[in-house]
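Residues per chain are reported as follows:
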Amino acid sequence: MGHASTAAFAVPEFVVSAVLLLVLSLWTGWLPAVTVTGGDGTPATWTMLIMPVPALVIPQTGWNTRVVRGALADQAATPHVEAAHLDGLPQHWILIRHQLPGAAAAIATGLATSTGLLFGGAVVVETLFNYPGIGTVLAGAVSARDTPVIAGVVTCAGAVVSLVLLAADHVRHAVLGVRA
């Protein structure tokens, strides 16, 4: 599992997108290569989400899997978890009651960090699949040299990432009683 999560994280979104386009659209013809929007700006059919979503999710899953595994491994080495094993508690009980509460701070921070990675990947994936979203708006503004729109999109994305990181910091403070 460790090698698969490392590989998933190491492969960038544009490579995952290109492979999905090649296999599911060009070779097999199962899915449309680009997103066609209706009059309201949303994708015409739900099948147009099948390729962009995994293209964003696969690298994020790899990152978050590594964070969760690392946090749980750190907690497994703590004395109270070793004592729970020696007491003969069931593994699922040890995981839920002893390891997860201690790992929650690291997991929350890892998930919050992946929010910024998700925004960066969205720009590339939305451009490749012609998907109407914040990445498309940003890419169009950059190509048109529309500085106010670029500043607005980057400011909004930065605000969202900052709020998510602040929420992770509050989780960290609630769990560990420490502020970063």
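In this text, all values refer to a predicted model and were calculated from it rather than measured experimentally.

## What about the overall build of the protein?
Argument step 1. A count of helices and strands for the protein gives seven helices and zero strands.
Argument step 2. Each helix and strand of the protein, placed in order from N terminus to C terminus, yields the pattern α-α-α-α-α-α-α.
Argument step 3. For the protein, the C-alpha radius of gyration of 20 Å lies well beyond 16 Å, the compact-globule estimate for 180 residues.
Argument step 4. With the principal axes as the frame, the protein shows a C-alpha extent of 60 × 40 × 25 Å.
Argument step 5. A buried classification covers 28% of the 180 residues belonging to the protein.
Argument step 6. Here the protein displays about 10,500 Å² of accessible surface, and carbon together with sulfur accounts for 72% of that area.
Argument step 7. Of the charged side chains in the protein, 6 are positive and 8 negative, and the gap between their average positions amounts to 6 Å.

## As for the confidence of the model for the protein
Argument step 1. Within the protein, residue pLDDT values average 88, and 98% of them lie at 70 or more.
Argument step 2. Within the protein, the element-level pLDDT minimum falls on helix α1 (residues 2-10), averaging 79, and the maximum on helix α4 (residues 79-86), averaging 92.

## A short note on the side chain of T115
Argument step 1. Tracing the chain through its elements places T115 in helix α5 (residues 91-129).
Argument step 2. Classification of T115 as buried rests on a relative accessible area of 17%.
Argument step 3. Residues within four places of T115 in sequence aside, it is in contact with V161 and V164.

## Quick notes on the packing of helix α2 (residues 13-27) against helix α3 (residues 52-76)
Argument step 1. As a packed pair, α2 and α3 sit with axes 8 Å apart at the nearest point and diverge in direction by 135 degrees. It follows that α2 is oblique to α3 by the angle criterion. The hand of the α2/α3 crossing is right-handed. Counted together, E13, V16, S17 and L20 of α2 and P54, A55, L56, I58, P59 and Q60 of α3 form the full contact between these two elements.
Argument step 2. Here the contact of α2 with α3 is composed, by residue class, of seven nonpolar, two polar and one charged.

## Some words on the environment of A71
Argument step 1. In this structure, A71 sits in helix α3.
Argument step 2. Taking relative accessible area as the criterion, A71 reaches 6% and is therefore assigned buried.
Argument step 3. When the C-alpha atoms of A71 and G102 are compared, they prove to be 8.2 Å apart, with 31 residues separating the residues in sequence.
Argument step 4. Sequence-distant contacts of A71, that is, excluding residues within four places in its chain, are made with A103, A106 and I107.

Conventions adopted
Residues numbered from 1 in each chain as written. Predicted model: local features only at pLDDT ≥ 70, side-chain atom pairs only at ≥ 80, totals over all residues. Heavy atoms only, no water. Helix = DSSP H or I, 4+ residues; strand = E, 2+ residues; numbered from the N terminus. Rg over C-alpha atoms; globule rule 2.2 N^0.38 Å. Buried < 20%, exposed > 50% of the residue type's maximum accessible area, 1.4 Å probe, protein only. Areas by Shrake-Rupley, 256 points an atom, 1.4 Å probe, with all protein chains shown as cover. Lys, Arg positive; Asp, Glu negative; His and termini not counted. Charge placed at Lys NZ, Arg CZ, Asp CG, Glu CD. pLDDT = per-residue confidence, 0-100. Contact = heavy atoms within 4.5 Å. Axes fitted to C-alpha atoms, helices over the stretch in contact; angles between N-to-C directions. Parallel < 35°, antiparallel > 145°, perpendicular 65-115°, else oblique. Left-handed = near helix turned anticlockwise from the far one by under 90°. Nonpolar A, V, L, I, M, F, W, Y, C, P; charged D, E, K, R; others polar.

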